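Structural features, examined
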Amino acid sequence: GDSVTQMEGPVTLSEEAFLTINCTYTATGYPSLFWYVQYPGEGLQLLLKATKADDKGSNKGFEATYRKETTSFHLEKGSVQVSDSAVYFCALSGYNTDKLIFGTGTRLQVFP
Amino acid sequence: ETGVTQTPRHLVMGMTNKKSLKCEQHLGHNAMYWYKQSAKKPLELMFVYSLEERVENNSVPSRFSPECPNSSHLFLHLHTLQPEDSALYLCASSQNPAPQETQYFGPGTRLLVL
């Protein structure tokens, strides 16, 4: 069945460092891909999404490009801030699924 | 009040207790969801409601019983739970139940079963 694989965390960075959180997926057809973020003590919120191959989702300085050839949707940010410390979830929804399928989440810790 | 709210935020219960989790959305959405979030596991979709009708039930044990009296409120009734049911329970809503729709999450209820 459809699935999402994320890199295990925690990812620990200094402020202003470059961030990459890897996400790969397995799906038939052409899924939509999402990144959700969960700040401490809060629920998940949509960070960005892409609905077709080569689309780039972006928000708050974060970007992710839908790469069908590598079945990936890696999250990147050029310069992280302490306030970016959170858990990041990659997710997909596909034509063969009637639900949103999440990865296990990757915790990001940014230190000043 | 805006968004999706959940009460209580924290709950400790024994295995013989009965308790209920409450979710309320102020977004005018038609679909509501219950998820279970356990450490180092993907979010597990438990139930989906669309216009107060249950449209998804992912083989959840009967000790979890959802109720959706109207499109703004969703409950999860709990009874005779097991310690492995300890987790963060998240409620979400979306305009429609299609998985491509953006889901808006509440802050969750942290449940500990002793």
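Rules behind the numbers
Residues numbered from 1 in each chain as written. Chains lettered and ligands numbered in written order. Predicted model: local features only at pLDDT ≥ 70, side-chain atom pairs only at ≥ 80, totals over all residues. Heavy atoms only, no water. Helix = DSSP H or I, 4+ residues; strand = E, 2+ residues; numbered from the N terminus. Rg over C-alpha atoms; globule rule 2.2 N^0.38 Å. Buried < 20%, exposed > 50% of the residue type's maximum accessible area, 1.4 Å probe, protein only. Contact = heavy atoms within 4.5 Å. Areas by Shrake-Rupley, 256 points an atom, 1.4 Å probe, with all protein chains shown as cover. Lys, Arg positive; Asp, Glu negative; His and termini not counted. Charge placed at Lys NZ, Arg CZ, Asp CG, Glu CD. Buried area = accessible area lost by both parts, 1.4 Å probe. Salt bridge = Lys/Arg side-chain N within 4 Å of Asp/Glu carboxyl O. Polar contact = N/O pair within 3.5 Å; in protein donor to acceptor, adjacent residues only side chain to side chain. Disulfide = S-S within 2.5 Å. Pairing = 2+ DSSP bridges.

We now examine the overall build of chain A. The number of helices and strands found in chain A is zero helices and twelve strands. Ordered by position in the sequence, the α and β elements of chain A form the string β-β-β-β-β-β-β-β-β-β-β-β. By the compact-globule yardstick of 13 Å for 112 residues, chain A fits well, its C-alpha radius of gyration being 13 Å. With respect to the three principal axes, the spread of C-alpha positions in chain A is 45 × 25 × 20 Å. Evaluated residue by residue, chain A yields a buried proportion of 46% over its 112 residues. A sequence separation of at least 24 residues applies to 56% of the contacts in chain A between residues at least 6 apart. Just so you have it, chain A exposes about 5200 Å², and 48% of that area is on carbon and sulfur atoms. Computed over 9 positive and 12 negative side-chain charges, the inter-centroid distance for chain A is 5 Å.

Okay, the interface of chain B and chain A next. Opposite the 19 residues of chain B that make contact, chain A presents 19 residues. Each partner contributes to the roughly 1500 Å² buried at the junction of chain B and chain A, and carbon and sulfur atoms together form 53% of this total. Our count for the chain B to chain A interface comes out at zero salt bridges. Here chain B is connected to chain A by four residue pairs in polar contact (both at pLDDT 80 or more). Among the secondary structure elements, those contributing two or more residues to the side of chain B that touches chain A are strand 4 (31-37) and strand 9 (87-94) of chain B.

Each disulfide consists of one covalent bond between the sulfur atoms belonging to two cysteines. Counted according to the given criterion, the structure contains two disulfides over all chains. Disulfide pairing places Cys-23 of chain A opposite Cys-90 of chain A at an S-S distance of 1.9 Å. In this structure the cystine formed by Cys-23 of chain A and Cys-90 of chain A twists about its S-S bond by roughly -70°; its chirality is therefore left-handed. Within this pair, whereas Cys-23 of chain A is found in strand 4 (residues 23-26), its partner Cys-90 of chain A is found in strand 10 (residues 86-93), the two being separated by 67 residues in sequence. A residue is classified by how much of its surface remains accessible, and Cys-23 of chain A, at 1% relative accessible area, is buried. The partner cysteine of Cys-23 of chain B in its disulfide is Cys-91 of chain B, sulfur to sulfur 1.9 Å. Given an S-S torsion of about -75°, the disulfide between Cys-23 of chain B and Cys-91 of chain B has left-handed geometry. Of the two residues, Cys-23 of chain B sits in strand 3 (residues 18-25) while Cys-91 of chain B sits in strand 9, which places them 68 residues apart along the sequence.

This part takes up the pairing of strand 10 of chain A. Within a regular strand, the side chains alternate between the two sheet faces. Residue and element names in this part refer to chain A. Extensive coverage of strand 10 is indicated by the burial of eight of its eight residues. Residues of strand 10 alternate between two faces, with Ala-86, Tyr-88, Cys-90 and Leu-92 on one and Val-87, Phe-89, Ala-91 and Ser-93 on the opposite face, all of them buried. Here strand 5 (residues 32-38) pairs with strand 10 via seven bridges, running antiparallel. Bridge pairing links Leu-33 to Leu-92 in strand 10. Bridge count between strand 10 and strand 11 (residues 101-102): two bridges; the pairing is antiparallel. Residue Leu-92 lies in a different strand from strand 11, and its bridge partner there is Ile-101.

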